Amino acid sequence: MFGIGPFKQMLTMDGIPLKGALTDSQLRIISQGALIISGDTIHHVGTYDELKDQFCDLEFVTVEQNSVCLPGYIDVHTHMCWAGSRSADYARRIGGKSYLEIASEEGGINVTVKATRNASKEELKAGLRNRATRHLGEGVTSCEVKSGYGLNKESELKTLGVITEVNKELPIDLIPTVLSAHIKPYDFEGTQKEYLDYVLEEILPEVQSENLAQRADIFIDEGAFSLEEGEYFLKRAKDLGFSLTVHADQFSNGSSSLAVQYGAASADHLECISDADIDRLALSDTAAVALPGCSLGLGINFAPARKLLDRGASLVISTDWNPGSAPMGDLLLQASVLAASEKLSSAETLSAITFRAAMALGLNDRGILRKGMKADFLIYTTDDYRDILYNQGKLRPSSVWKKGVHM
Ligand code: NIG
Ligand code: FE
């Protein structure tokens with residue numbers, strides 16, 4: 001057990017409502033704060049003076065005078081396990097072709113499917129390890145990772161196996177999601193519905209029996225699966241016992257309301273969500289996940305984050321880190337840019353990458369600095385937390401602590 005502090009400002013993110021708009025006065029900042037850490041868990045939160053008195057025999061790690069401490073970031077939507085590159089797609093997109101045009105020609109998800117199928121487990125591991133290590137250095141202490149570039153039983157299981165193994169190797173927590181319903185791959189002989197049956201009958205039960213993922217995702221949109229196919233999949237995946245999440249309303253509208261109807265943990269993308277569906281989402285327990293890195297990568301509008309919050313939704317911000325639409329993978333930069341564009345308060349933006357993100361993944365043991373929570377926290381060398389978003393991702397944490405250990 002040890003103490004750490006004093007932090008000029010400590011943002012615990014405690015006591016903030018799960019849903020709706022927030023003002024910065026709702027951030028209860030502890031000035032000259034400190035933490036007591038026991039193993040991988042936060043044992044106590046308070047002011048430095050208080051805790052020094054209370055734990056007088058304990059050793060305290062001292063920090064720089066101007067330090068801000070807050071919970072580690074949580075990225076709830078990534079496709080970080082892939083092989084190959086899609087720079088050719090990107091070059092064509094900045095030359096004026098749309099994502100859907102490129103996908104229907106020789107580019108798109110199938111390019112990554114071929115490369116990922118051809119990659120050895122070791123190659124895939126090396127790629128994921130690099131990206132996950134970079135993420136942790138930038139303050140992401142928990143991160144969801146989807147399959148979805150295998151798109152047959154063997155390669156989907158290979159991908160989920162890689163995620164499981166890299167999760168064991170690295171300090172960052174990787175939370176796997178099965179996205180075998182990404183698209184019907186180029187070589188599947190059969191209808192869209194037959195492909196979904198293959199996923200539901202051949203892949204998902206195996207994922208369960210090997211304990212490789214508890215969350216299932218589907219891309220419901222133009223070029224992927226229709227609303228009807230999406231509903232068919234969600235109903236059956238739910239019956240199998242998977243927690244659901246949906247790639248929803250990216251290019252066309254309608255799938256976020258399916259996500260709500262089937263009690264999905266989150267509806268992600270939402271660039272094309274309608275006003276009526278914003279209200280449905282806001283009234284539900286389904287989190288609204290904005291993916292600004294995808295909007296930046298595709299040159300399309302951002303999800304209406306301001307409107308979602310004002311109508312009462314739980315807004316989460318994630319990177320969507322993937323080789324096609326969102327190759328950057330910088331959560332803090334993207335959250336800062338979305339905040340400037342959508343007019344989000346610091347409290348809304350930081351909640352969206354800490355405790356509201358934790359709740360969207362069903363992780364109630366992190367995202368807040370509170371007794372009993374995982375000791376995942378970041379220290380920035382600055383005397384004002386507002387510098388974090390102001391620097392638009394360029395101010396990096398001076399130290400990252402994961403489960404009570406300095407990385
Ligand atoms: O979240 N929308 C679908 N899937 C990914 C993109 C995948 C790709 O283009 O490789 C996304 O944007
Ligand atoms: Fe995605």
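What you see is a predicted model, and the numbers here were worked out from it, not measured in a lab.

Here is what the cut-offs are and how they apply
Residues numbered from 1 in each chain as written. Chains lettered and ligands numbered in written order. Predicted model: local features only at pLDDT ≥ 70, side-chain atom pairs only at ≥ 80, totals over all residues. Heavy atoms only, no water. Domains from an automatic or database assignment. Contact = heavy atoms within 4.5 Å. Buried area = accessible area lost by both parts, 1.4 Å probe. Salt bridge = Lys/Arg side-chain N within 4 Å of Asp/Glu carboxyl O. Polar contact = N/O pair within 3.5 Å; in protein donor to acceptor, adjacent residues only side chain to side chain. Helix = DSSP H or I, 4+ residues; strand = E, 2+ residues; numbered from the N terminus. Nonpolar A, V, L, I, M, F, W, Y, C, P; charged D, E, K, R; others polar. Buried < 20%, exposed > 50% of the residue type's maximum accessible area, 1.4 Å probe, protein only. Donors = N, O, S within 2.8 Å, 3.2 Å for Na, K, Ca; no water. Near = heavy atom within 4 Å. Areas by Shrake-Rupley, 256 points an atom, 1.4 Å probe, with all protein chains shown as cover. Axes fitted to C-alpha atoms, helices over the stretch in contact; angles between N-to-C directions. Parallel < 35°, antiparallel > 145°, perpendicular 65-115°, else oblique. Left-handed = near helix turned anticlockwise from the far one by under 90°. Pairing = 2+ DSSP bridges. Core = buried A, V, L, I, M, F, W, Y, C linked by side-chain atoms within 4.5 Å.

S.K.: Tell me about the domain arrangement of the protein, and please be specific about residues and values.
M.R.: Domain boundaries assigned for the protein yield domain 1 (2-71 + 367-406) and domain 2 (74-360). One C-alpha centre belongs to domain 1, the other to domain 2, and the line joining them spans 30 Å. Each partner contributes residues to the interface: domain 1 has 32 residues there, and domain 2 has 35 residues. In total, domain 1 and domain 2 occlude about 2600 Å² of area from one another, counting both sides; carbon and sulfur atoms represent 63% of this. For the pair domain 1 and domain 2, the number of links is four salt bridges. For lysine 403, the salt bridge identified is with aspartate 173, shortest N-O distance 3.1 Å. Between the two partners, domain 1 and domain 2, sit 18 residue pairs in polar contact (both at pLDDT 80 or more). Going through the elements one at a time, strand S5 (67-71), strand S14 (377-381), helix H16 (386-390) and strand S15 (399-402) are the ones with two or more residues in the side of domain 1 that touches domain 2. Of the residues contributing to the side of domain 1 that touches domain 2, the split by class is 20 nonpolar, five polar and seven charged.

S.K.: Please provide a residue-by-residue account of the pattern of salt bridges, values included.
M.R.: Any two side chains of opposite charge can pair, given that their charged atoms come close. Taken as a whole and judged by the stated rule, the model has 32 salt bridges. Lysine 146 is the salt-bridge partner of aspartate 217, the closest N and O atoms lying 2.8 Å from each other. Highlighted residues: aspartate 217 in strand S9 (residues 215-219) and lysine 146 in strand S7 (residues 140-146), separated in sequence by 71 residues. In this pair, the class of aspartate 217 matches that of lysine 146, namely buried. The shortest N-O distance in the salt bridge between glutamate 348 and arginine 306 comes to 2.8 Å. Here glutamate 348, found in helix H14 (residues 346-352), pairs with arginine 306, found in helix H12 (residues 305-310); they are 42 residues apart in sequence, far enough to count as distant. Through salt bridges with shared partners, one network takes in Asp173, Asp365, Arg366, Asp376, Lys402 and Lys403.

S.K.: So, the coordination of the iron ion (ligand 2): which residues are in play, and what are the values?
M.R.: Reference geometry at the metal: tetrahedral coordination by four donors gives ideal angles of 109.5 degrees; octahedral coordination by six donors gives 90 or 180 degrees. Protein-derived ligands of the iron ion (ligand 2) are His77 (NE2), His79 (NE2), His247 (NE2) and Asp320 (OD), with the metal-ligand distances lying across 2.1 to 2.2 Å. Considered as a linear motif, the donors of the iron ion (ligand 2) on their single chain read H-x1-H-x167-H-x72-D. With a gap of 241 residues between them, histidine 79 in the loop between strand S6 (73-75) and helix H2 (87-94) and aspartate 320 in the loop between strand S13 (315-317) and helix H13 (331-342) connect regions that are remote in the sequence. When sorted by exposure, histidine 79 lands in the same class as aspartate 320, which is buried.

S.K.: Which residues make up the site of ligand 1, and what values go with them?
M.R.: Around ligand 1, 16 residues are found, and the nearest of them are Arg86, Tyr99, Tyr149, Asp320 and Ser325. Histidine 79 places a side-chain nitrogen or oxygen 3.3 Å from an oxygen atom of ligand 1. At 2.6 Å, a side-chain N or O of serine 325 approaches an oxygen atom of ligand 1. Here ligand 1 loses 100% of its free accessible area of 330 Å² to cover by the protein chains.

S.K.: Explain the packing of helix H7 (residues 192-209) against helix H8 (residues 227-240) to me, and be specific about the residues and the numbers.
M.R.: Relative to each other, H7 and H8 sit at 20°, their axes nearing to 11 Å. Our classification of the angle between H7 and H8 gives roughly parallel. Remark: the crossing between H7 and H8 carries right-handed chirality. The residues of H8 that touch H7, namely those facing Gln192, Lys193, Leu196, Asp197, Val199, Leu200, Glu201, Leu204 and Gln208, are Glu229, Tyr232, Phe233, Arg236, Ala237 and Leu240. The class makeup of the residues in the contact of H7 with H8 is eight nonpolar, two polar and five charged.

S.K.: Run through the side chain of threonine 112, naming residues and quoting values.
M.R.: As for its position among the elements, threonine 112 is in helix H4 (residues 109-118). Threonine 112 has contacts with Trp82, Ala83, Arg86, Tyr149 and Pro323, leaving out every residue within four places of it along the chain.

S.K.: So what's going on with the sheet that holds strand S12 (residues 287-290)? Residues and values would help.
M.R.: Pairing within the open sheet is parallel, and its eight strands lie in the order S6-S7-S8-S9-S10-S11-S12-S13. The open sheet has two free edges, formed respectively by S6 and S13, since each of these has just one partner strand. When the angles between neighbouring strand axes are averaged without regard to direction, this sheet yields 25°. Inspection of the sheet shows strand S10 (residues 243-248) paired to strand S11 (residues 266-269) by four bridges, in the parallel sense. Of the residues in S11, the one forming a bridge with alanine 248 is histidine 269.

S.K.: Lay out the nonpolar core with the relevant residues and their values.
M.R.: Proteins that are soluble and globular tend to have nonpolar side chains buried together. Among the nonpolar cores identified, the biggest contains 129 residues, and Ile4, Leu35, Tyr73, Phe233 and Phe377 are the most heavily contacted of them. Ranked by residues supplied to this core, first place goes to H7 with seven residues. Looking at which domains feed residues into this core, each of domain 1 (2-71 + 367-406) and domain 2 (74-360) gives three or more. Beyond its immediate stretch of four places on either side in the chain, phenylalanine 233 contacts Ala181, Leu196, Val199, Leu200, Leu204, Asp217 and Ile218. The next biggest cluster of nonpolar side chains, apart from the first, holds seven residues, and it includes Ala34, Phe55, Leu58 and Phe60.

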